[in-house]
Structures are given as structure tokens and as C-alpha cells.
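Read off the chains here:
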Amino acid sequence: MSDTPVVITRADIEEVILTKVVEDPAFAARLKADPKAVLSEMFGTKLPADLQISVFQETPTHLM
């Protein structure tokens, strides 16, 4: 057993979220409506009250 902490990057988190968005349209809708609550639930953590989260959806003609 290792004492080395697991490092999770922002890219790792984005990959998990994007995979779920593609697989589950209802999740995508909930994420757009209340991203902070959905991410708190998804990762089992309470996010800071002053943290603002915005969700943007790219389209073929609108990239972010």
C-alpha cells in the first residue's frame, strides 16, 4: 500500500463530466440548470459558497 496521494487534475474531472454529459442528456440538463449542486453531488463534496460555476456548451459553430 502506498502513502502517495492520488492527484486528480482538472482535465481528469472534465473528462468524467463530459463523458457523463454525452451519455446522459438528463444529467446535461441538470448540470446546465444547477452546476454547483450537480458537481457537489457527483463528487461528494460541498463546494465553497462563494464559488461560481458556469457551464457552456460548444456547438459546431461556437467553440469555447
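For the structure, check the block above.
Residues numbered from 1 in each chain as written. Predicted model: local features only at pLDDT ≥ 70, side-chain atom pairs only at ≥ 80, totals over all residues. Heavy atoms only, no water.

K.L.:
Got a minute to help me understand the overall build of the protein in this structure?
P.N.:
Counting its regular elements, the protein contains three helices and zero strands. Seen in sequence order, the protein has helices and strands lined up from the N terminus as α-α-α. Taking 64 residues into account, the globule formula puts the C-alpha radius of gyration at 11 Å, and the protein, at 14 Å, lies well above it. For the protein, the spread of C-alpha atoms along the three principal axes comes to 45 × 25 × 20 Å. Taking all 64 residues of the protein together, 12% fall into the buried category. A fraction of 16% describes how many contacts in the protein between residues 6 or more apart in sequence connect residues 24 or more apart. For the protein, the computed accessible surface area is about 5600 Å², with 59% contributed by carbon and sulfur atoms. (Helix = DSSP H or I, 4+ residues; strand = E, 2+ residues; numbered from the N terminus. Rg over C-alpha atoms; globule rule 2.2 N^0.38 Å. Buried < 20%, exposed > 50% of the residue type's maximum accessible area, 1.4 Å probe, protein only. Contact = heavy atoms within 4.5 Å. Areas by Shrake-Rupley, 256 points an atom, 1.4 Å probe, with all protein chains shown as cover.)

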